Amino acid sequence: QVQLVQSEGGSVQAGGSLRLSCAASQYGRGRYCMAWFRQAPGKERVWVADINSYGDQMVADSVKGRFAISGDNAKNTVYLQMNSLKLEDTATYFCAAEPGAGCYTRSAVEFDYWGQGTQVTVTS
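Our subject in this report is the structure included herewith. (Residues numbered from 1 in each chain as written. Predicted model: local features only at pLDDT ≥ 70, side-chain atom pairs only at ≥ 80, totals over all residues. Heavy atoms only, no water.)

A separate point is the sheet that holds strand 7 (residues 67-72). Strand order in the open sheet made by the four strands is 1-3-8-7, with antiparallel pairing throughout. At either end of the open sheet lies a strand with only one pairing partner, and these are strand 1 (4-6) and strand 7. Neighbour-to-neighbour, the strand axes of this sheet turn through a mean angle of 20 degrees, independent of strand direction. As judged from the three bridges shared by strand 1 and strand 3 (residues 18-24), these two strands associate in the antiparallel manner. Residue pairing for strand 3: Val5 is matched across the bridge by Ala23. (Pairing = 2+ DSSP bridges. Helix = DSSP H or I, 4+ residues; strand = E, 2+ residues; numbered from the N terminus. Axes fitted to C-alpha atoms, helices over the stretch in contact; angles between N-to-C directions.)

Time to look at the state of the cysteines. In total, this model carries two disulfides according to the counting rule given. Covalently, Cys22 is tied to Cys95 through a disulfide, its sulfur atoms 2.0 Å apart. When the S-S torsion is 60 degrees, as for the bridge of Cys22 with Cys95, the disulfide is right-handed. In this pair, Cys22 is assigned in strand 3 and Cys95 in strand 9 (residues 91-99), connecting sequence segments 73 residues apart. The exposure class of Cys95 is buried, given its relative accessible area of 0%. Note that Cys33 is cross-linked by a disulfide to Cys103, the S-S spacing being 2.1 Å. An S-S torsion of about 105 degrees defines the bridge between Cys33 and Cys103 as right-handed. Pair noted here: Cys33 is in strand 4 (residues 32-39) and Cys103 is in the loop between strand 9 and strand 10 (113-114), with a separation of 70 residues, a long-range link. A residue is classified by how much of its surface remains accessible, and Cys33, at 2% relative accessible area, is buried. On the accessibility criterion, Cys103 (27% relative accessible area) is partly exposed. (Disulfide = S-S within 2.5 Å. Buried < 20%, exposed > 50% of the residue type's maximum accessible area, 1.4 Å probe, protein only.)

Residue position: Gln116 is located in the loop between strand 10 and strand 11 (118-123). Note on Gln116: relative accessible area 49%, which makes it partly exposed. Taking the C-alpha atoms as reference points, Gln116 and Gln6, 110 residues apart in sequence, are found 6.6 Å from one another. Ignoring anything within four residues of it in the chain, the contact list for Gln116 reads Leu4, Val5, Gln6 and Phe94. Looking at Gln116, its side chain comes within polar contact range of the main-chain nitrogen of Gln6, at 2.9 Å. (Contact = heavy atoms within 4.5 Å. Polar contact = N/O pair within 3.5 Å; in protein donor to acceptor, adjacent residues only side chain to side chain.)

With the rule as written, the count across this model stands at three salt bridges. Of the charged contacts in the structure, one is a salt bridge between Asp89 and Arg38, with a shortest N-O distance of 2.8 Å. Separated by 51 residues along the polypeptide, Asp89 in the loop between strand 8 (77-82) and strand 9 and Arg38 in strand 4 bring together distant segments of the chain. On the accessibility criterion, Asp89 (0% relative accessible area) is buried. Classification of Arg38 as buried rests on a relative accessible area of 11%. A salt bridge links Arg66 to Asp89, with the nearest nitrogen and oxygen atoms 2.7 Å apart. (Salt bridge = Lys/Arg side-chain N within 4 Å of Asp/Glu carboxyl O.)

Written out as structure tokens, the structure reads:
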């Protein structure tokens, strides 16, 4: 079993920055795709970014140039650095993990392990 524990989010003014973290109980001890998803009220959970076991990083077009995913193997932790935040970034953010060497899916239903979710609110 992989347990994912996320940091708390917060309220940030538009244009500001926030970093989320996700600590995995077994990250680095096996091969996992780690991903970030977000879900706004009344919307589906959508993929934001992922990082595979080799450290390769991908982000969604909607956040490209503003968000970055990274990992710290020593801490078994992945991060989502969010810069230039926009009102439409307001959502509950979830980290997720799926066993495997690479990230082959961006569908939420394919991920086995999930963090508890954290609220990010961007204000005007």
